[in-house]
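Secondary and tertiary structure notes
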Amino acid sequence: MGKCPCDFNTRKCPEALSTKTFFLGFVVALASIIGFVSSEAPPPPPNPEEEIRITHKIQDGHAILSCIVQDLGRRRIIWSRLSDPYPISVGTIRFHPNSDKYRVANLAKTNVLTIKNVGIADSGEYQCRVSGSFPLKEVISLNIQSGPRVTYFLPTNRSMTSSLGLSVTLPCEVENLKDKMVMWKDGRNNVVSLRKRIYNGDNRLRIIHNTRQEWNLKIDKLRAEDFGFYTCIVNYNPVLTRTIELINTEPPKIAPVIKHDTNFRKKISVMEGETVTLRCNFHSYPPATVKWYKRYKVGNKTKKEDLGATGNKYTLRSVSVEQAGDYICIGNNGMKKEGKARTRLIVKMTPTTVPTTTTFIPNGPSSPHVYYENQRTGQRRGRDAELTCFAIGQPRPNIHWTRHGHRIINDHKFKVKPKSEGRFRTHSTLLVRSVSSRDFGTYECVGYNQLGLKQIPIELYETKS
């Protein structure tokens, strides 16, 4: 038996969606019709500008489809059989009810779908799609036939381009149709035609049937809503489908939408003094102009400071704690709706042992300011002692105590009593019960929040009276 893949058509469109088709035949007669015999079609040469592409091979009776994505980031690859209302897999998680039929694996930038023991029932169009607001897609058609006079699609273009107001003919050519019927459906799953009759009531459409193989769909005076996907369907067993994309050569205007790729991060943490670059890329047409702002609070009101910077990235050098906070990038391409994204910058401070007495009140995100009322507290042996410290910051800090590098927890000897005071201040008291000689010495009060950490030493010393 020969396996006969054919009709490998690759294309690149503005949304990086392309299609390929291959047939698996089980008789040499079909191979002679198609023109060559091979167990695996050579993949198209890699194009570094392609964001997504599918390669394929038949191995040990299994169909192996590989979806290669250049910049996947945190997005997921979704495999679907277009005739099913549910996906086969999301990432490496199989969702299809017949999950034993499929195997999914990630290899670097490639997500591999294996269809086990491929047979006639597995015929159809399979789509590799990347999740996101503007997902990348690619479709491959798997048509498995057997017998000397099988019904199959002849090779045709898988995409057509045109412009508003012009006419276009979408190709669909079927060999050995016999008593079967041809239907066209649009991308919204509406029936456009059956045989030669138009069913959607649009007199701009008609079926071109000049030869027995030809079932082309012609659309006159193209409108914006006409562009998209159309599927030619033959009610063979299994059902045959051929999807054609109609592409507008004049790209429609698209309001800016942030690209959630590896360049964009919702939260960035750096140490004080480092250099950090914030990035925003927008999907838009025409391209968007990007401006940067910083958001801060004045009382109960939120305000926005224009940083005077434009472009897809904003760099801060020798960053300080005062520069922490929310940075906003806004993309504008002249359309009514702007694109917007926020990155929260967290600047962490290295621990310090410098005590501080402060009346500091934060007017924006701030690492803790830690201080004490008394740096040294005296007590006699056998009595209880209390050490007190305070921390101010935004968000409001937490406090814990350490001694000899170990965090103090509540037990028979120690008790930590925290107390929140207002929006920004925390007050903590460390109770040392029944003080003994080994309890004297230095304790550390540690104030911390997500923007930094500070610690100060407080001494417990022995008194004689």
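I will try to describe carefully the structure that is included in this document. (Residues numbered from 1 in each chain as written. Predicted model: local features only at pLDDT ≥ 70, side-chain atom pairs only at ≥ 80, totals over all residues. Heavy atoms only, no water.)

With respect to the overall build of the protein
If you tally the helices and strands in the protein, you get one helix and 39 strands. When each of the 465 residues of the protein is scored for burial, the buried share is 48%. The contacts of the protein with a sequence gap of at least 6 include a subset with a gap of at least 24, amounting to 61%. A total of about 24200 Å² of accessible surface is found on the protein, and carbon and sulfur atoms cover 48% of it. (Helix = DSSP H or I, 4+ residues; strand = E, 2+ residues; numbered from the N terminus. Buried < 20%, exposed > 50% of the residue type's maximum accessible area, 1.4 Å probe, protein only. Contact = heavy atoms within 4.5 Å. Areas by Shrake-Rupley, 256 points an atom, 1.4 Å probe, with all protein chains shown as cover.)

A short note on the sheet that holds strand 38 (residues 441-449)
An order of 32-39-38-34-35 is seen for the five strands of this open sheet, with the pairing classed as mixed. Strands at the two margins of the open sheet, each flanked by one partner only, are strand 32 (376-379) and strand 35 (406-407). Alignment of strand 34 (residues 398-403) against strand 38, held across five bridges, turns out to be antiparallel. When the sheet's bridge partners are listed, T402 is paired in strand 38 with E444. (Pairing = 2+ DSSP bridges.)

Let's talk about the nonpolar core
Grouped together as the largest cluster of nonpolar side chains are 27 residues, with contacts concentrated most on L170, W184, L217, I219 and L246. Looking at this core, the elements with two or more residues in it are strand 11 (152-153), strand 13 (168-170), strand 15 (182-186), strand 18 (205-208), strand 19 (216-219), strand 20 (228-234) and strand 21 (240-248). If you look at the next biggest cluster of nonpolar residues, it comprises 23 residues, including I258, V290, W292 and C329. (Core = buried A, V, L, I, M, F, W, Y, C linked by side-chain atoms within 4.5 Å.)

As for the packing of aromatic side chains
Throughout the structure, instances matching the rule amount to four aromatic pairs. Ring plane angle 25° and centroid distance 5.9 Å describe the contact between W292 and Y314, whose orientation is recorded as stacked. Highlighted residues: W292 in strand 26 (residues 289-298) and Y314 in strand 28 (residues 313-316), separated in sequence by 22 residues. Pair check on accessibility: W292 and Y314 agree, each one buried. Aromatic rings pair up to connect W292, Y314 and Y327 into one cluster. (Phe/Tyr/Trp six-rings, centres within 6.5 Å; stacked < 30°, edge-to-face > 60°.)

As for the state of the cysteines
Think of a disulfide as a covalent bridge from one cysteine sulfur atom to another cysteine sulfur atom. Summed over the entire model, instances satisfying the criterion amount to four disulfides. Regarding the disulfides, the protein carries the connectivity 1-2, 3-4, 5-6, 7-8 under sequence-order numbering of its bonded cysteines. (Disulfide = S-S within 2.5 Å.)

Considerations on the pattern of salt bridges
The final tally for this structure, using the stated rule, is 15 salt bridges. Notably, a salt bridge pairs E175 with R212, separated by 3.5 Å at the nearest N-O pair. One end of the pair, E175, is in strand 14 (residues 174-175); the other, R212, is in the loop between strand 18 and strand 19, and 37 residues separate them in sequence. Using a relative accessible area of 14% as the deciding quantity, one classes E175 as buried. Exposure remark for R212: the relative accessible area of 58% places this residue in the exposed category. (Salt bridge = Lys/Arg side-chain N within 4 Å of Asp/Glu carboxyl O.)

The analysis is restricted to geometry; functional conclusions fall outside its scope.
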